[in-house]
Amino acid sequence: MIEFNPVSEASAPGKIILFGEHAVVYGRPAIAAPVSQIRAIATVTHSSSNNCYLVAPDLNRHDRLQDLPDDDALARAAWLVLGVAGLTQPPDVTIRVRSQIPIASGMGSGAAIAAAIIRALAQHLNRPDLQTNEQVSALTYEVEKIHHGTPSGIDNTVVAYEQPIWFVRQSPKNLIEPFKVAAPLRFVVADTGVRSSTKVAVGDVRRQYNQQPAKFARIFDECGRIAQVARQAIKAGNVEKVGQLMTDNHAWLQKMTVSSPELDKLVDAALQAGALGAKLSGAGRGGNMLALVADEAMERQVSTALQQAGATNILTTILK
Ligand code: MEV
């Protein structure tokens, strides 16, 4: 007999990719960090309705878990936990999901929502073994496969561990190394307001890689090399170098065709306003970009320029 927790709540952060998106799918190293001030939150409460409901007011959803299709990401997250816990019938609960992370904007909203549901439900079922970072990450990875067929694993890892990570997709086990920064890195994160599908961007890169394997392998190698150098620069506290490498990485992402006029406009505006470096973050084609700034004065200058260049939302996150 399972002793259920009457009310369980868990959350997971948004994320940014500092270096190596897309190339990471092909085994090159990448660096990502959580954005803890924006989060997805899931609560699980007992329901007297003899049913399990999934409610997400932000997404305009109120559904019975059993009625949802197999490829529904929220439902998949819930069924995965129930499956691992050995339950064939869901408990009588309402799983409520809220998120402050913009959808389809490169900030890991899908992974964070899945991780929050998984943790909250595991907590409800009194299963601490399913709440470890490793388990939450592994189950979130299964959900990520719905968002796109070949996730590298970086998004689920960074939102589950909630730490800056050095990540390499490899078998049998991905390399995951949390790291410390020697000097704080202050990022302005700006949204183009354009929503973009990770699945489409990753699929397009895959198609181009299949058509021109040598050209794309070289692009991925360059992104991997930049990530390696960036890791040393972060370790050495060489903030200016980190900025320059971000801008270099953006140029390779343009060659991969995953930037967009809106992203390029924000990157240019940030650089012209004096940012140390700037690049798109995540799958691209829309969503968010990052600008690295040295201090608060530069942050204000860059934020104003980004606003004038059409950013729909701006936040600052400091990695220390
Ligand atoms: C998306 O946040 C990062 C990509 O590299 C895809 C992935 O790693 O699965 C574009």
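What you are looking at is a predicted structure, and each value in this text was computed from that prediction instead of being measured.

This brings us to helix H6 (residues 213-236). When the terminal C-alpha atoms of H6 are compared, their 35 Å separation across 24 residues agrees well with the 34 Å that a helix rising 1.5 Å per residue should span. Looking at the buried residues of H6, the elements they touch are strand S1 (7-19), strand S2 (30-46), strand S6 (165-168), strand S8 (185-191), helix H5 (198-211) and helix H7 (239-255). Remark: Gly-237 follows H6 within two positions and exhibits a positive phi of approximately 75°.

In this section: the side chain of Arg-39. Turning to its location among the elements, Arg-39 is positioned in strand S2. Exposure remark for Arg-39: the relative accessible area of 18% places this residue in the buried category. Discounting chain neighbours no more than four positions away, the residues touching Arg-39 are Ser-11, Ala-12, Pro-13, Arg-98, Ser-99, Gln-100, Ile-101 and Glu-162.

Let us look at the site of the ligand. Of all residues adjacent to the ligand, which total 13 residues, the nearest are Lys-15, His-22, His-148, Ser-152 and Asp-155. In this structure, Ser-152 approaches the ligand through a side-chain N or O atom, which is 2.6 Å from an oxygen atom. Isolated, the ligand exposes 290 Å² of accessible area, and the fraction of that covered by the protein chains is 97%. Counting only elements with at least two residues in the shell around the ligand, the list comes to S1 and helix H4 (154-161). Counted by class, the shell around the ligand contains 6 nonpolar, 4 polar and 3 charged residues.

Between the first and last C-alpha of helix H1 (residues 73-84) there are 17 Å, a value that for 12 residues agrees with the 16 Å anticipated at 1.5 Å per step. Three or more residues of H1 are buried, namely Ala-73, Leu-74, Ala-75, Ala-77, Ala-78, Val-81 and Leu-82. At the N-terminal end of H1, a side-chain oxygen is found 3.2 Å from the backbone nitrogen of Leu-74, two or three residues along, and the residue is Asp-72. Following H1 by one or two positions, Gly-86 has its phi on the positive side, about 80°.

Frequently, the measure chosen for interface size is the accessible area removed from exposure when the parts meet. Domain annotation for the chain reports domain 1 (7-178) and domain 2 (185-319). Distance between the C-alpha centres of domain 1 and domain 2: 25 Å. Contacts between the two partners involve 32 residues from domain 1, matched on the other side by 43 residues from domain 2. In this assembly, domain 1 packs against domain 2 so that about 2900 Å² is buried in total across both faces, 64% of it on carbon and sulfur atoms. Taken together, the connections running from domain 1 to domain 2 amount to 3 salt bridges.

Before going further, it helps to examine the sheet that holds strand S11 (residues 313-319). Across the sheet, 4 strands lie side by side as S9-S10-S8-S11; this open sheet has antiparallel pairing. Looking along the sheet, the strands with just one partner apiece sit at the ends: strand S9 (277-280) and S11. Neighbour to neighbour, the strand axes of the sheet diverge by 20° on average, direction disregarded. Bridge count for S8 against S11 is 7 bridges, and the pairing is antiparallel. Looking at S11, one finds that Ala-190 is bridged to Ile-314.

So, how was this worked out
- Residues numbered from 1 in each chain as written.
- Predicted model: local features only at pLDDT ≥ 70, side-chain atom pairs only at ≥ 80, totals over all residues.
- Heavy atoms only, no water.
- Helix = DSSP H or I, 4+ residues; strand = E, 2+ residues; numbered from the N terminus.
- Expected span 1.5 Å × (residues − 1).
- Contact = heavy atoms within 4.5 Å.
- Buried < 20%, exposed > 50% of the residue type's maximum accessible area, 1.4 Å probe, protein only.
- Near = heavy atom within 4 Å.
- Polar contact = N/O pair within 3.5 Å; in protein donor to acceptor, adjacent residues only side chain to side chain.
- Areas by Shrake-Rupley, 256 points an atom, 1.4 Å probe, with all protein chains shown as cover.
- Nonpolar A, V, L, I, M, F, W, Y, C, P; charged D, E, K, R; others polar.
- Domains from an automatic or database assignment.
- Buried area = accessible area lost by both parts, 1.4 Å probe.
- Salt bridge = Lys/Arg side-chain N within 4 Å of Asp/Glu carboxyl O.
- Pairing = 2+ DSSP bridges.
- Axes fitted to C-alpha atoms, helices over the stretch in contact; angles between N-to-C directions.

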